[in-house]
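Listed here are the chains, written in short residue letters.
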Amino acid sequence: MKLVTYLAEGKERVGVLTADGAGVCALPYEDMNEAVAAGLEAVEAAAAKAEAPVPLGSVKLLAPIPRPRQDVICLGINYMDHAKEAEQYDKEAFGKEKPIPIYFSKRVTRAVDPEGDIDSHPGLVQRLDYESELAVILGKTAKNVPADKAGEYIFGYTVLNDVTARELQTAHKQWYFGKGLDGFTPMGPCILTADETAFPPALDISCRVNGEQRQSSNTRLLMTTIPEMIRELSSGMTLLAGTIVATGTPSGVCMGMEDPVFLKSGDVVECEIEGIGVLRNTVK
Ligand code: MG
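Bear in mind the structure is a predicted one, so any value in this text is a computation, not a measurement.

Turning our eyes to something else, we now look at the domain arrangement of the protein. Splitting the protein by domain gives domain 1 (2-62) and domain 2 (72-283). Once you take the C-alpha centre of each, domain 1 and domain 2 turn out to be 25 Å apart. Each partner contributes to the interface: domain 1 provides twelve residues, whereas domain 2 provides 19 residues. For the pair domain 1 and domain 2, the two sides together bury roughly 1200 Å², of which 66% comes from carbon and sulfur. In terms of surface lost to domain 2, no three residues of domain 1 exceed Lys2, Val36 and Leu40, which account for 47% of the buried area on that side. Taken together, the links from domain 1 to domain 2 amount to one salt bridge. Across the pair lysine 60 and aspartate 113 runs a salt bridge, and its minimum N-O distance is 3.9 Å. If you look at where domain 1 meets domain 2, you find one residue pair in polar contact (both at pLDDT 80 or more). Of all the secondary-structure elements, those providing two or more residues to the side of domain 1 that touches domain 2 are strand 1 (2-8), helix 1 (32-38), helix 2 (40-48) and strand 5 (60-62).

Listed below in structure tokens is the structure:
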């Protein structure tokens, strides 16, 4: 299933896309967090009984989880090619000797909708960058989960753009401020449920800016794999159902350029993951 959150007649709804992707059927949940808590089987049963679809073009898609229950957990430097470009940009900030996962948190008061605006924060930010990422959504509360059981805890996947203000990220040492500004977490266009793809997922991931290809990789190249990150995080932290984990970005971000050109107002950023779709946003 591809699950979406959308606005129809002024009301936020949760729905499932039709097989051809052209229509959406409403589901009986107040919001996506409630659907996630209900679990995949319950959502599937509700989808089987859903009413006739309305055309997707007649509704406005919102971020699949517009208001995450908690900050998004993120992995930094989790593709080898991105590790190299980040170290070239700022060795002190990004250089590291061995691949111990970097975990950080991204504050998200309101996720940015598909087709929504990325706030460029003029006056505060000059080095605005994108990061196309696979985000994992947990479907069950996880504590002390062994790696070989991690797949049982996944509800689904979406595309997340880990928008970053590079100068704030490096100046403050911790990445919280530079990655947690308002309008810095575009998400969508849908949640692909976990049963629809292999585990761990091996999906092409890319990013285009104004139609120009910038990032191109595959999620099988994650350095810390999804089973391993769930094992490690849940070994000391309770991960509630609905937890979102952004798994890191491949190379090709602005800071990786020889002469970096950062995002500017009017740029259109398209993050895409095979099987999930295109997350398109415009820098405001
Ligand atoms: Mg990132």
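After presenting the structure, the write-up continues.
This part takes up the pairing of strand 14 (residues 204-209). Most of strand 14 is tucked away: five of the six residues are buried. Counting the residues between successive antiparallel strands, the hairpin from strand 14 to strand 15 (residues 212-218) contains two residues, one of them, asparagine 210, with a positive phi of roughly 50 degrees. Bridge count for strand 14 against strand 17 (residues 268-273) is five bridges, and the pairing is antiparallel. Along strand 17, the bridge assignment pairs valine 209 with valine 269.

Now for the coordination of the magnesium ion. The textbook angles at a metal center are 109.5 degrees for a tetrahedron of four donors and 90 or 180 degrees for an octahedron of six. Glu131 (OE), Glu133 (OE) and Asp162 (OD) make up the full set of protein donors to the magnesium ion, lying at 1.9 to 2.1 Å. Read from N- to C-terminus, the donor residues coordinating the magnesium ion fall into the pattern E-x1-E-x28-D. A relative accessible area of 5% places glutamate 131 in the buried class.

The next point concerns the side chain of serine 132. Along the polypeptide, serine 132 turns up in strand 10 (residues 132-138). Residue class for serine 132 comes out buried when judged on its relative accessible area of 0%. There is a polar contact of 2.9 Å between the side chain of serine 132 and the backbone oxygen of serine 206. Apart from the residues lying within four places of it in its own chain, the contact partners of serine 132 are Leu160, Ile205, Ser206, Cys207, Gln215, Gly248, Thr249, Pro250, Cys271 and Glu272.

What follows is about the environment of leucine 138. Considering the arrangement of structural elements, one finds leucine 138 in strand 10. The exposure class assigned to leucine 138 is buried, which follows from its relative accessible area of 0%. When the C-alpha atoms of leucine 138 and phenylalanine 155 are compared, they prove to be 5.2 Å apart, with 17 residues separating the residues in sequence.

Our next topic: the sheet that holds strand 15. Taking strand neighbours across the sheet as the criterion, the five strands line up as 8-18-17-14-15 in an open arrangement whose pairing is mixed. Of all the strands in the sheet, the pair left with one neighbour each is strand 8 (117-118) and strand 15.

So, on to the nonpolar core. Counting residues in each nonpolar core, the largest one holds 86 residues, and the members touching the most others are Leu3 and Ile226. Two domains share this core, each providing at least three of its residues, namely domain 1 (2-62) and domain 2 (72-283).

Cis rather than trans, the peptide bond between glycine 188 and proline 189 has omega equal to 10 degrees. Among the structural elements, proline 189 can be located in strand 13 (residues 187-193). Going from phenylalanine 199 to proline 200, the amide bond is cis rather than trans, its omega being -10 degrees. Looking at the secondary structure, you find proline 200 in the loop between strand 13 and strand 14. One non-glycine residue, isoleucine 77, adopts positive backbone phi at about 50 degrees. With respect to the helices and strands, the residue isoleucine 77 is situated in the loop between strand 6 (72-76) and helix 3 (80-89). A residue is classified by how much of its surface remains accessible, and isoleucine 77, at 5% relative accessible area, is buried.

What counts as what
Residues numbered from 1 in each chain as written. Predicted model: local features only at pLDDT ≥ 70, side-chain atom pairs only at ≥ 80, totals over all residues. Heavy atoms only, no water. Domains from an automatic or database assignment. Contact = heavy atoms within 4.5 Å. Buried area = accessible area lost by both parts, 1.4 Å probe. Salt bridge = Lys/Arg side-chain N within 4 Å of Asp/Glu carboxyl O. Polar contact = N/O pair within 3.5 Å; in protein donor to acceptor, adjacent residues only side chain to side chain. Helix = DSSP H or I, 4+ residues; strand = E, 2+ residues; numbered from the N terminus. Buried < 20%, exposed > 50% of the residue type's maximum accessible area, 1.4 Å probe, protein only. Pairing = 2+ DSSP bridges. Donors = N, O, S within 2.8 Å, 3.2 Å for Na, K, Ca; no water. Core = buried A, V, L, I, M, F, W, Y, C linked by side-chain atoms within 4.5 Å.

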